[in-house]
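Listed below are the residues making up each chain.
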Amino acid sequence: MDLVVLAGAVVLGVLVSPALLRLVVRVPAMATVGYVSEEDATISPAVRERAVRVLTPLLFAVVALRFGSSAVVVPFLFLTATLLVVSLIDLEHYRIPDRIVFPALGVSVGLITFVTLAGGYDTAHLRAAVVGSIGYFLLLLVPHLIYPKGMGFGDVKLALLMGLYLGWLYADPFQAVALVMWALVVGSLLGVAAGVLFAVVRGRRAEFPFGPALALGCLVVVLFSSTFAA
């Protein structure tokens, strides 16, 4: 692992963290309904800021360790930043904003297409990315239609983004589906654990956001994809 790449990822994380923090604060503020006000926030501004400033370079370093100096690292750093932002917003507001998910999806399609073609990778990776994106979307759409309160549509839309990257890792569509399934399993287990912890802390059964668990499940599978795809 090139230490220059690792150090660069950490520095980049430090530099972009203020921009990510602005998104976490300002995107909910732009909405007219459905988001709590800053005065009613359950996470203090100081805690929110520390979380962004610490987690961004830390997660960037982990992604750099996984992908090294390959150009592939750039799209996955973008994915990591996006998942961090939507997770923090979901924890605070129980919503995953379209203002972040859809632009991020558009940028991601451009990024992975450019890296695939410019890097000389098999274009089958792009087909697998589409399979992963659609597959994850459909997997979460079904429980949303059955029980909307249990699976919000924001999670379903976020699955388009996560599935795109999970599928892109391999050229085989079957491996794309396998990684999507693993991400869902890991995310669900993390979500259940978080729900139990949340209920214990609150002393009663309460709603909890599922998006952060799905996001973390996606990152875990990305980082250890060779193990899950074996």
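See the structure printed just above.
This one's a predicted model, so the numbers in the text were calculated from it and none came from an experiment.

Caption draft 1: The packing of aromatic side chains, seen in detail. Under the counting rule described, the total for this entry stands at four aromatic pairs. Aromatic side chains Phe67 and Phe76 sit 4.5 Å apart centroid to centroid with 15° between the ring planes, which places their arrangement in the stacked category. When its relative accessible area of 12% is taken as the criterion, Phe67 is described as buried. Judged by centre distance (5.2 Å) and plane angle (55°), the ring pair of Trp182 and Phe228 falls under tilted. With Trp182 in helix 7 (residues 173-202) and Phe228 in helix 9 (residues 225-228), the pair connects residues that are 46 residues apart, well separated along the chain. Of the residues examined, Trp182 reaches a relative accessible area of 39% and is grouped as partly exposed. Given a relative accessible area of 17%, Phe228 falls into the buried group. Among the aromatic residues, those joined into a ring-pair cluster are Phe67, Phe76, Tyr165 and Trp168. The ring of Phe67 has Arg66 sitting right over it, with the charged end atom 4.4 Å from the ring centre.

Caption draft 2: Here's a closer look at helix 2 (residues 45-67). Under the 1.5 Å per step criterion, the end-to-end length of helix 2 is 33 Å for 23 residues, consistent within 8% with the ideal 33 Å. At Leu55, helix 2 is deflected by roughly 25°, the largest bend along its length, and proline Pro57 occurs up to four residues later in sequence. Among the residues making up helix 2, those that are buried are Arg48, Val52, Thr56, Pro57, Phe60, Ala61, Val63, Ala64 and Phe67. Check the buried side of helix 2 and you find it contacts helix 1 (3-30), helix 3 (73-93) and helix 8 (211-223). Taken from the residues just after helix 2, Gly68 is the one with a positive phi, measuring 65°.

Caption draft 3: Seen up close, the packing of helix 3 against helix 8. Packing of helix 3 against helix 8 brings their axes to within 8 Å, and their N-to-C directions diverge by 160°. Accordingly, the angle class assigned to the pair helix 3 and helix 8 is roughly antiparallel. Seen along the crossing, helix 3 lies across helix 8 with a hand that is left-handed. When helix 3 is examined against helix 8, the residues Phe76, Leu79, Thr80, Leu83, Ser87, Asp90 and Leu91 are found in contact with a partner set consisting of Gly211, Pro212, Ala215, Cys218, Leu219 and Val222. When the residues that make up the contact of helix 3 with helix 8 are grouped by side-chain class, the tally is nine nonpolar, three polar and one charged.

Caption draft 4: Quick look at the nonpolar core. In this structure, Phe76, Leu83, Tyr136, Leu166 and Trp168 are the most contacted members of the largest nonpolar core, which totals 61 residues. When contributions to this core are tallied by element, the ones reaching two or more residues are helix 1, helix 2, helix 3, helix 4 (98-118), helix 5 (124-146), helix 6 (153-168), helix 7 and helix 8. In terms of residue count, helix 3 provides more of this core than any other element does, eleven residues in total. Here Trp168 is in contact with Val72, Pro75, Phe76, Ile112, Val115, Thr116, His125, Leu126, Ala128 and Ala129, once residues within four sequence places are set aside.

Caption draft 5: Seen up close, the packing of helix 5 against helix 6. The contact between helix 5 and helix 6 brings their axes to 6 Å, and the two run at 155°. Classified by the interaxial angle, the pair formed by helix 5 and helix 6 is roughly antiparallel. Crossing angle aside, the handedness with which helix 5 passes helix 6 is right-handed. For the pair helix 5 and helix 6, the contacting residues are His125, Leu126, Ala128, Ala129, Gly132, Ser133, Tyr136, Phe137, Leu140, Leu141 and His144 in the first and Phe153, Asp155, Val156, Ala159, Leu160, Met162, Gly163, Leu164, Leu166, Gly167 and Trp168 in the second. Taken together, the residues of the contact of helix 5 with helix 6 sort by class into 15 nonpolar, six polar and one charged.

Caption draft 6: A look at unusual backbone geometry. Located in the positive-phi region is Tyr94, a residue other than glycine, with phi close to 60°. One can find Tyr94 in the loop between helix 3 and helix 4. The class of Tyr94 is partly exposed, set by a relative accessible area of 36%.

Caption draft 7: Expanded view of the side chain of Ser133. Relative to the helices and strands, Ser133 is located in helix 5. Apart from residues lying up to four places away in sequence, Ser133 is in contact with Ala159, Leu160, Gly163 and Leu164.

What counts and how
Residues numbered from 1 in each chain as written. Predicted model: local features only at pLDDT ≥ 70, side-chain atom pairs only at ≥ 80, totals over all residues. Heavy atoms only, no water. Phe/Tyr/Trp six-rings, centres within 6.5 Å; stacked < 30°, edge-to-face > 60°. Buried < 20%, exposed > 50% of the residue type's maximum accessible area, 1.4 Å probe, protein only. Helix = DSSP H or I, 4+ residues; strand = E, 2+ residues; numbered from the N terminus. Lys NZ or Arg CZ within 6 Å of the ring centre and 35° of its normal. Expected span 1.5 Å × (residues − 1). Bend = angle between axes of the 7 residues up to and from the residue. Contact = heavy atoms within 4.5 Å. Axes fitted to C-alpha atoms, helices over the stretch in contact; angles between N-to-C directions. Parallel < 35°, antiparallel > 145°, perpendicular 65-115°, else oblique. Left-handed = near helix turned anticlockwise from the far one by under 90°. Nonpolar A, V, L, I, M, F, W, Y, C, P; charged D, E, K, R; others polar. Core = buried A, V, L, I, M, F, W, Y, C linked by side-chain atoms within 4.5 Å.

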